[in-house]
Amino acid sequence: MNTPDSLELRRRATSNEKPHQKFVFSFTEGDGKNKQLLGGKGANLCEMTQIGLNVPPGFVISTEACLGYLADPTNQLQEGILAEVMEHMYEVEQAAEKTFGDPENPLLVSVRSGSALSMPGMMDTILNLGLNKKTLQGLIAQTGNERFCYDAYRRFIQLFGKVALGVPDEKFDIIFESVKQKAGVKLDIGLHTENLKEISQQFLDVVKEHTGKPFPEDVYAQLEIAIKAVFNSWMGKRAIDYRREFNITPQMANGTAVNVVAMVFGNMGNDSATGVAFTRDPGTGENILFGEYLVNAQGEDVVAGIRTPKAVSQLKDEMPALYHQLEELREKLEEHYKEVQDFEFTIEKGTLYCLQTRNGKMNATAMVRTSVEMVKEKLIARQDALLRLKPGMLEQLLHPRLDSLHKSQPLAQGLPASPGAASGQCVFDADRAELLGRSGHKVILVREETKPEDIHGFFASQGILTSRGGKTSHAAVVARGMGKPCVAGAEGIHVDVKLRQAVIGERILHEGDFITIDGGTGYVYQGIIPTVEPIFSDELKTLLQWADEVAQLKVMANADTPAAAQKALNYGAMGIGLCRTERMFNAPDRLPIVVEMILATTEEERLVALSQLLPIQRQDFKDILTSMAPRPVTIRLLDPPIHEFLPKEEELREELVHLRHLKDTASGVHNLFNSLRLLHAYDENAKSPIPFNEKGIELIDQAIVKKEQMLKKVHDLYEVNPMLGHRGVRLGLTYPEIYKMQIQAILEAATECQEANIDVRPEIMVPQVCNVEELTTVRGYVEEIKQRIEKERGLKLAFKFGTMIEVVRACVTADELAQEAEFFSFGTNDLTQATFSFSREDAENKFLPLYAEKNILHDNPFEILDIAGVGKLMRFAVELGRKINPDLKVGICGEHGGQPDSIQFCHKLGLTYVSCSGPRVPVARLAAAHAKLGEAKNSSL
Ligand code: PEP
Ligand code: MG
C-alpha cells in the first residue's frame, strides 16, 4: 500500500533513472557469509532466516552504503538507496501483514547498527520507528493496550531524540523522573497510561525546544534520519575509541551496516517476554542454556540492566513450552554455527522470535572448556578447537584469584559477572577512572549501571562493580570481553556520583577507598585482599597438549633460578632457552662476593672472589639442570656491564658523608668518655659501646676506605653509553677468569649430574658477539676446561656451545659465527635497539606513543617484532648460518618470543624454538600451533 509519505519518497528516490549498485539486501537473499558487506548482525540475520529460524522480516543496508554516505560532504545517502529501501519496506510490509505509516495497521521497525566485527553497544540503534500521533492510535486500536503503546511511544521519542536529533539524554531523564516522583511510583512498570501520555507529550516538547522543529511525523523521514544517524555512529567517539583499543583496522571492519527489522514486542503483556541467552555458560563454559529474561519488557531493559532479570532456567516453570522451544533453538544454532552463540530472543504473545545471534564472547576459562568439550561432542575438530582461541587470551587464565585463606567478610554481594579478582581504589565515574588509571593508580569503576560511553573507564580500571543489571548487562559483557573482573547487580550498594561515595548499609565508601571484587563469586570486600596464582585446569592441559602435537616450534622459558625453572616446567616449558646468570649474582649472599671481585685490583685478588662464587654457581646450575632433565638448558655467560652490581655514585657520596659525620660523632663521644673518666665523673667499669669506642672508630674507617674504593671503581668503570660498552663477551675477554669460572661451574655441574645418571643438556651461550674471533676465543676457554674435567673425571661431557645474535654485525656475519657455534639464539631486545638505534627506555617514554598515534610506527617494536627491519636481519642470519650448518639450532629469547604475531614470524623463518617468560609459555604454545595451522594461508614470507 502506498501512503502519501511513501509516494513522496519514491518520487524523490527515482527521480534519476541511472542504473546503480545494489545496496540493500532482504534477509531472504543476503549472503550470510559476507560480513564485510552486511555486517556481522546483518549477515547472521540473513543466515538465520535462510536456515529456517523464526526471525522477524527485514533487510540490510550495506556497509558500502555507509562508507559512501560518510564520504559525502553534503550528508546524502547515495543515489538509489532510498528507492531500494522503499522496495524492501514493501516486502517487509507484505511479510508482516502491516503497513509502514498506516494509521489502521501500522508496521514498526527497529533500525540497528552492525559492523563486520562485533562492537557491543558502541554504535546506535533505534527501536519502535514508525510511531507518530496517527500510527500510535492505530496501534492502540489494534492491541487494545494503550499503556503498552504509550510506553513504546515515549521510548521511541527518547531514543530517536537522543540518537538521531542529538537531544541530551538528561533532558528526557529529568522529565521521566519528575513524572515518576509526582505519581509516587518507584519502578517504571508502576507508571500508568496517563503518566506515560504526559511523559510522551513532554518529550515531544523537549525535542521541539531543543531542535527548533517539531518531532518528525513523516515515517519515511524518520527512517531516512535514523539510517543516517546509525551510519554516523560509526564515526562516534565510543566506536573510534573501541576500534583503537582493540586494533580494529579497516581491513577487519569498515563501516557499519544498517538492519531494518519489523518490531516484535516482548512488552505486550504477561505472555510476552524478552531475553538474552548464550548456548553455553560464558563464564564457566558449562554446556547449559545460560541467560536472562524479563516478562513484559523490551530488549533494551535486559541489556541496559534497568530491571534485574530472572535466570532463563526459571522460564521452564513460567512458560514450559517456550522454554522447550528455546532449548531447540540453542541446539539448532550450535549445530549450524559450530560455535557458542550469544542470541537475543523475544516472545510476543506466545510466539518465540530469534532477533539476533553472534559468536559468544567468553572468558578464557569458558573458551578452553568449550573448545575441549565441543571436540568431544564431535561438533568441531581439534584444529578448530585450537584456532577459536586467541593465544593472548590464555593470559587471562593466569590472573590471580583471592587467597582462600583470607578471613574478610564481604561488604556486599552481586552477581559473579566476569571472573578474576582485583583490588583498587573506588571511583564513581569513567572520566575519573581514566584520569587516575592513567596516572598509575589501580582503580575499580563503581557505577549504578554502565553505558557504552563509559568504555574509557573500563580500559583504565582493574575491575568493574555495578549495583544494577545482570550477567548480560553492558558492564558484564564488556568486562568479560576484556578479561577484567566484574561484579554486577550488587543491589545493596547505593552509588552517589555527585557526593563521590557509595553507601552500603551503615558504611560509606569514599572515592579513593580500597575495595576488592571477586568476579568469580560476586563478593565485594573492603580493603585489599591477597591473591593467589591460578591452577591449570585439565581442559587447558588437554588443549595445550593438542597444541604441542601440532606445533613445529618448541617453546622454552626464560628462567634464572631453580624455582623459576620449576614454575616454567609447570607451564609446559620444553626447556630453558635463556638463563641469565647475572641474576644469580644479585642474591644477598652473593652480591658482596661479586663486589669483591669487581674491586679486585689484581688477577689474584679476583680469583679469590671467583673461587667463592664457583661452588654457588655450580649448585645453582646443578639444580636447574636436574629439574629440567632431560630438557635443554641454555646458560648465558655474564652479560651486563659490571658497574650494575655497584651502588650509584650519588648513593656512595651520600653514604661517605654520613660515615664521616658518624666518625666525628663517634670520636667526640669517645673523647667525652675519656674526659669524664679523668674527672672521676664516670663509672670506671662502664664501657662505651660500638661505634663510640676505638674499635668502632676503626670499623668506621674501614667502611670509609671500602666506600672510597667503590667510588673510585665506579669512576673507573664510568662509560658514556654502557649498554653499547664494556659488557657481554667484551667483558668476558677482558677478565677471562670470570667467564672461565662460569664455564667451569656449568661443566662441573653437568659432570656431577652425569655421574649421578641424570640426563642433562647444558648449552653454553655467549652474549653480545659481533665478531667470530670473540667466539673462537671463548670456545678456546671451553675446550680447555672441558678437556681438563674429562681427564680428571674420566667421562665425556655432552653439551652445546653457541651464541646470541643481538648485534647487527652478528646477523650479517652469521656464516662465520656458524663455524664456531652449534646454535644461535636471537636476542631481539638488543637487536631491536641496535637495528633502530633506539634506546628502549627513552623511546618508550619519549616518542613511541607519538609515533603510534601518528601511525609512523604502528606497533611498539620492543613488544611486537619489527618484521620489516629486525625480521629481515633475522632471516639473513638464519640463511647464512644454515648454509654452513643445515642443522643449526636457532631460537629466539628476546621478549618477542612470547608474543603471538612474532611467534608466527619465527615459525615462518623455520626457527627451532621460541623462549619467553614462564607465564607466557602457554600463550606461546598455542601461538606456535596457530602458526603451523595458519601455514597454508600465509605461505608467502
Ligand atoms: C635480548 O637482548 O633479547 C636478550 C634476551 O638479552 P637481555 O634482554 O638480557 O639483554
Ligand atoms: Mg641482550
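The structure under discussion appears in the preceding block.
Residues numbered from 1 in each chain as written. Chains lettered and ligands numbered in written order. Predicted model: local features only at pLDDT ≥ 70, side-chain atom pairs only at ≥ 80, totals over all residues. Heavy atoms only, no water.

Digging into the overall build of the chain
Line of reasoning, step 1. Check the secondary structure of the chain and you find 36 helices and 33 strands.
Line of reasoning, step 2. With respect to the three principal axes, the spread of C-alpha positions in the chain is 110 × 85 × 55 Å.
Line of reasoning, step 3. Counting all 941 residues of the chain, 54% fall into the buried class.
Line of reasoning, step 4. Within the chain, residue pairs in contact and separated by at least 24 positions form 70% of the contacts whose partners lie at least 6 positions apart.
Line of reasoning, step 5. Accessible surface, the chain as shown: approximately 41100 Å² in total, 52% of it carbon and sulfur.
Line of reasoning, step 6. Of the side-chain charges in the chain, 105 are positive and 128 negative, and the distance between the mean point of each set is 1 Å. (Helix = DSSP H or I, 4+ residues; strand = E, 2+ residues; numbered from the N terminus. Buried < 20%, exposed > 50% of the residue type's maximum accessible area, 1.4 Å probe, protein only. Contact = heavy atoms within 4.5 Å. Areas by Shrake-Rupley, 256 points an atom, 1.4 Å probe, with all protein chains shown as cover. Lys, Arg positive; Asp, Glu negative; His and termini not counted. Charge placed at Lys NZ, Arg CZ, Asp CG, Glu CD.)

Quick look at the nonpolar core
Line of reasoning, step 1. Within the largest apolar cluster, 134 residues are counted, with the highest numbers of intra-cluster contacts made by F826, M874 and L911.
Line of reasoning, step 2. Setting aside residues up to four positions removed in sequence, F826 forms contacts with I805, L831, M874, A877, V878, V890, G891, I892, C893, G894 and L911. (Core = buried A, V, L, I, M, F, W, Y, C linked by side-chain atoms within 4.5 Å.)

Digging into the site of ligand 1
Line of reasoning, step 1. Near ligand 1, the surroundings consist of 13 residues, among which R580, R636, G827, N829 and D830 are the closest.
Line of reasoning, step 2. Within the side chain of E806, a nitrogen or oxygen atom sits 3.1 Å from an oxygen atom of ligand 1.
Line of reasoning, step 3. At 3.3 Å, a backbone N or O of G827 approaches an oxygen atom of ligand 1.
Line of reasoning, step 4. For ligand 1, the protein covers 87% of the area, taking 290 Å² as the surface of the free molecule. (Near = heavy atom within 4 Å. Polar contact = N/O pair within 3.5 Å; in protein donor to acceptor, adjacent residues only side chain to side chain.)

Focus on the coordination of the magnesium ion (ligand 2)
Line of reasoning, step 1. The coordination sphere of the magnesium ion (ligand 2), as far as protein atoms go, consists of E806 (OE) and D830 (OD), spread over 2.0 to 2.2 Å. In this pair, E806 is assigned in the loop between β30 (800–805) and α29 (808–812) and D830 in helix α31 (residues 828–836), connecting sequence segments 24 residues apart.
Line of reasoning, step 2. Exposure remark for E806: the relative accessible area of 3% places this residue in the buried category.
Line of reasoning, step 3. According to the relative accessible area criterion, D830 is buried, its value standing at 15%. (Donors = N, O, S within 2.8 Å, 3.2 Å for Na, K, Ca; no water.)

A few points about unusual backbone geometry
Glycine aside, residues mostly have negative phi angles, and peptide bonds mostly take the trans form.
Line of reasoning, step 1. Cis geometry marks the peptide bond from A629 to P630, where omega comes out at 5°.
Line of reasoning, step 2. Tracing the chain through its elements places P630 in the loop between α23 (603–628) and β28 (632–636).
Line of reasoning, step 3. Even without glycine at this site, N247 takes up a positive phi of about 50°.
Line of reasoning, step 4. With respect to the element layout, N247 can be found in the loop between α10 (237–245) and β7 (256–262).
Line of reasoning, step 5. Phi at K349 is positive, roughly 45°, even though this residue is not glycine.
Line of reasoning, step 6. Here K349 is to be found in the loop between β11 (341–348) and β12 (351–359).

Considerations on the sheet that holds strand β10 (residues 310–311)
Line of reasoning, step 1. One open sheet accounts for five strands, arranged β10-β9-β8-β11-β12; its pairing is antiparallel. Only two strands of the sheet have a single neighbouring strand rather than two, namely β10 and β12.
Line of reasoning, step 2. Pairing between β11 and β12: eight bridges, direction antiparallel. Each residue of the ladder has a partner; that of E348, found in β12, is T351. (Pairing = 2+ DSSP bridges.)

Focus: the pattern of salt bridges
Line of reasoning, step 1. With the rule as written, the count across this model stands at 55 salt bridges.
Line of reasoning, step 2. With a closest N to O distance of 3.7 Å, E820 and R779 form a salt bridge. Within this pair, whereas E820 is found in helix α30 (residues 814–820), its partner R779 is found in helix α28 (residues 772–793), the two being separated by 41 residues in sequence.
Line of reasoning, step 3. By relative accessible area, which is 17% here, E820 ends up buried.
Line of reasoning, step 4. Here the residues in one salt-bridge network are E582, R636, D639, R727 and D830, joined through shared partners. (Salt bridge = Lys/Arg side-chain N within 4 Å of Asp/Glu carboxyl O.)

Brief notes about the sheet that holds strand β20 (residues 493–496)
Line of reasoning, step 1. Taking strand neighbours across the sheet as the criterion, the three strands line up as β20-β21-β22 in an open arrangement whose pairing is antiparallel. Strands with a single pairing partner mark the edges of an open sheet, and in this sheet they are β20 and β22 (507–510). Sheet twist, expressed as the average angle between the axes of neighbouring strands with direction ignored, equals 20°. (Axes fitted to C-alpha atoms, helices over the stretch in contact; angles between N-to-C directions.)

Digging into the environment of R779
Line of reasoning, step 1. Under the relative-accessibility criterion, R779 is labelled partly exposed at 25%.
Line of reasoning, step 2. Sequence-wise, R779 and G414 are 365 residues apart; in three dimensions their C-alpha atoms are separated by 64 Å.
Line of reasoning, step 3. With near-sequence residues (within four places) excluded, R779 lies in contact with F801, Q819, E820 and A821.

Describing helix α9 (residues 219–233)
Line of reasoning, step 1. In this model, α9 (15 residues) spans 21 Å end to end at C-alpha, consistent with the 21 Å of a helix rising 1.5 Å per residue.
Line of reasoning, step 2. Taken across its 15 residues, α9 has 12 buried, putting it largely inside the fold.
Line of reasoning, step 3. Among the residues of α9, those classed as buried are V219, Y220, Q222, L223, E224, A226, I227, K228, A229, V230, F231 and S233.
Line of reasoning, step 4. For α9, the N-terminal capping position is held by D218, with its side-chain oxygen 2.8 Å away from the main-chain nitrogen of Y220. (Expected span 1.5 Å × (residues − 1).)

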